[in-house]
Amino acid sequence: MSFASAGSSRWSDVYVTAGSRALSMAGETLVATTLALALQERGSGGLAVSGLWLAATLPLVALAPLAGRLADRGDSRTLLVGIGVAQALVCAALAFVTAPVAVIALVAVLASGLAITNPVFAALVPSMVTRDDLPKASAIGQTASMIGMLTGPAAAGFLVGAFGTRPPLLIGAVTYLAIAGAGLLLKTRRGATPEAAAAAAKTAWTLRGDGLLLATFLAFGAVVAGVGGVNVVEVFFIRDTLGASASAFGLVTASWTAGMAAGAWVFAKAVRRYDDDASLVRALLVLLGSTCVPVVLSAAAPGVWVVVLLWLAGGLLNGGLGVFSTVLVSRRVPERARGRAFAGLNAAANGGAMFGYVLAGALLGPFSPRALVLGFGLAGVLAVVAVAVPVARAIRQERVTSVAVA
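In this text, all values refer to a predicted model and were calculated from it rather than measured experimentally.

**What about the overall build of the chain?**
Broken down by element type, the chain carries 16 helices and zero strands. The C-alpha atoms of the chain give a radius of gyration of 20 Å, which matches the 22 Å a tight globule of 406 residues would have. With the principal axes as the frame, the chain shows a C-alpha extent of 60 × 45 × 30 Å. The proportion of buried residues among the 406 residues of the chain is 57%. Residue pairs at least 24 apart in sequence account for 88% of intrachain contacts in the chain once pairs closer than 6 positions are excluded. By element, 69% of the accessible surface of the chain is carried by carbon and sulfur atoms, the whole surface being about 16000 Å². Of the charged side chains in the chain, 28 are positive and 16 negative; the average position of the first set lies 1 Å away from that of the second.

Structure (structure tokens):
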């Protein structure tokens, strides 16, 4: 599959992308944590927080087909600049509304922009570097994003406690301009000419035609569906069950992200051992299951510091998932179809998360947060066991097809 020409990785573009993602992710998590704390403190309850997470996720799933086509056929510079400016304006509006329905609606608009910019950035990176440099480039990008995500929740806990919700939301609005800035600065572009857009439209690749990749995407969705509800329950588990402060909640959220930043580099080296896609998919499945184990253990935590340590371990394993999945998609998908492929991966993961959010919102009344953390963690582990069979079948079919072609 097409990468940058041998020996010509464009590292300046990698760092521009990483820097812009760090700033924008800091803004996204700052805004998300601020809004979750605001709804919890206003007594809005589990359904409102669930609705917030649902609004942040549904566009990533519903718009995936359109977003993938736009990422492959549209000019990446135009998309990044236009959407970055629009997201900044929407986030600024969030600072001046308090009604839960209005907040949720604006979050959905923000997520609609994210549904497009995520596959645009993801598809650009393999075009910036050679095949051998891709794991390093992926680790740089993921580390930058995790630094942003690490900064956002901690800053939200401090800013909300000291100044209320409006200042962090306005700061978040400014950070979205980093996406527009990246669009202007990047030399690597996709879909910049009518010929490139036409070539992308004619590319025959489909996810259904790649059984191994399809099985992997479904595995992501199934596992996240099992464990995803923890994102809704987390704020009630940390603040109500464990009695922690808003700052401590921000620290817990940031600890998972810190683990992901470290895990990206650990697994960027490990991924080089997997020369064939089948072994890479097996490793992905193991990582999916292992990431759920710290969630299960956290249900027995007597205090917030135990959760911080477990979240660090879970994030470390989660960091490997990002690197491994980027390498897998980039290896198997033609350059002109990568926007669609990454949009499909995002849709699978976020579709599973959406299911978990809805379920968590419904269960927070009848069940305690601690019981739900345990239940969702176990559901993630069981989902890995369930999807192991179809993934193994896809690997066998891949081998049969390879032998037949040979």
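**Topic: the environment of L134**
Tracing the sequence through the fold places L134 in helix 6 (residues 134-163). Residue classification places L134 among the buried positions, given a relative accessible area of 2%. Note: C-alpha distance between L134 and V327 (193 residues apart in sequence) is 7.0 Å.

**A closer look at the packing of aromatic side chains**
Taken as a whole and assessed by the stated rule, the structure comprises four aromatic pairs. On the numbers, 6.4 Å between centres and 80 degrees between planes, the contact of F158 with F163 is edge-to-face. In this structure, F158 and F163 share a single accessibility class: exposed. The structure contains a cluster of three or more aromatic residues connected by ring pairs, namely F267, Y274 and F324. A cation sits over an aromatic face here: K136 above W11, 4.8 Å from the ring centre.

**Some details on the side chain of T188**
With respect to the helices and strands, T188 occurs in the loop between helix 8 (177-185) and helix 9 (194-202). Polar contacts involving the side chain of T188 include one to the side chain of R10, which spans 3.3 Å. At a separation of 2.6 Å, a polar atom in the side chain of T188 contacts the side chain of D13. Aside from chain neighbours lying at most four places away, what touches T188 is R10, D13, S76, L124, S127 and M128.

**Looking at the packing of helix 14 (residues 304-332) against helix 15 (residues 338-363)**
Between helix 14 and helix 15, the shortest axis-to-axis distance is 10 Å and the interhelical angle comes to 145 degrees. Once helix 14 is placed against helix 15, the crossing between them reads as right-handed. Across the interface between the two elements, S325, T326, V329 and S330 from helix 14 touch R338, A341, F342 and L345 from helix 15. Classifying every residue of the contact of helix 14 with helix 15 by side-chain character gives four nonpolar, three polar and one charged.

**A closer look at the pattern of salt bridges**
Per the stated rule, a full pass over the model turns up eight salt bridges. Between R331 and D277 there is a salt bridge, with its nearest N and O atoms 3.2 Å apart. With R331 in helix 14 and D277 in helix 13 (residues 277-298), this residue pair connects regions lying 54 residues apart in the sequence. Take R331: its relative accessible area is 15%, and that puts it in the buried class. Judged by relative accessible area, D277 falls into the buried class, the value being 17%.

**A short note on the nonpolar core**
The biggest cluster of nonpolar side chains holds 119 residues, and the ones touching the most others in it are I238 and F324. The residues touching F324, leaving out its near neighbours within four places in the chain, are F267, A270, V271, Y274, L280, A283, L284 and L287.

**Side note on helix 14**
Over its 29 residues, helix 14 extends 42 Å from the first C-alpha to the last, a length consistent with the 42 Å expected when each residue adds 1.5 Å. Of all the 29 residues making up helix 14, 21 are buried; the element is thus mostly covered by neighbouring parts of the structure.

**Things to note about the packing of helix 7 (residues 166-175) against helix 8**
Where helix 7 meets helix 8, the axes come as close as 4 Å, and the angle between the chain directions of the two elements is 10 degrees. One way to sum up the angle between helix 7 and helix 8 is to call them roughly parallel. Taken together, the residues of helix 8 that come into contact with helix 7 (itself represented by A173, V174 and T175) are L177, A178 and I179. Along the lines of polarity and charge, the residues of the contact of helix 7 with helix 8 split into five nonpolar, one polar and no charged.

Parameters at a glance
- Residues numbered from 1 in each chain as written.
- Predicted model: local features only at pLDDT ≥ 70, side-chain atom pairs only at ≥ 80, totals over all residues.
- Heavy atoms only, no water.
- Helix = DSSP H or I, 4+ residues; strand = E, 2+ residues; numbered from the N terminus.
- Rg over C-alpha atoms; globule rule 2.2 N^0.38 Å.
- Buried < 20%, exposed > 50% of the residue type's maximum accessible area, 1.4 Å probe, protein only.
- Contact = heavy atoms within 4.5 Å.
- Areas by Shrake-Rupley, 256 points an atom, 1.4 Å probe, with all protein chains shown as cover.
- Lys, Arg positive; Asp, Glu negative; His and termini not counted.
- Charge placed at Lys NZ, Arg CZ, Asp CG, Glu CD.
- Phe/Tyr/Trp six-rings, centres within 6.5 Å; stacked < 30°, edge-to-face > 60°.
- Lys NZ or Arg CZ within 6 Å of the ring centre and 35° of its normal.
- Polar contact = N/O pair within 3.5 Å; in protein donor to acceptor, adjacent residues only side chain to side chain.
- Axes fitted to C-alpha atoms, helices over the stretch in contact; angles between N-to-C directions.
- Left-handed = near helix turned anticlockwise from the far one by under 90°.
- Nonpolar A, V, L, I, M, F, W, Y, C, P; charged D, E, K, R; others polar.
- Salt bridge = Lys/Arg side-chain N within 4 Å of Asp/Glu carboxyl O.
- Core = buried A, V, L, I, M, F, W, Y, C linked by side-chain atoms within 4.5 Å.
- Expected span 1.5 Å × (residues − 1).
- Parallel < 35°, antiparallel > 145°, perpendicular 65-115°, else oblique.

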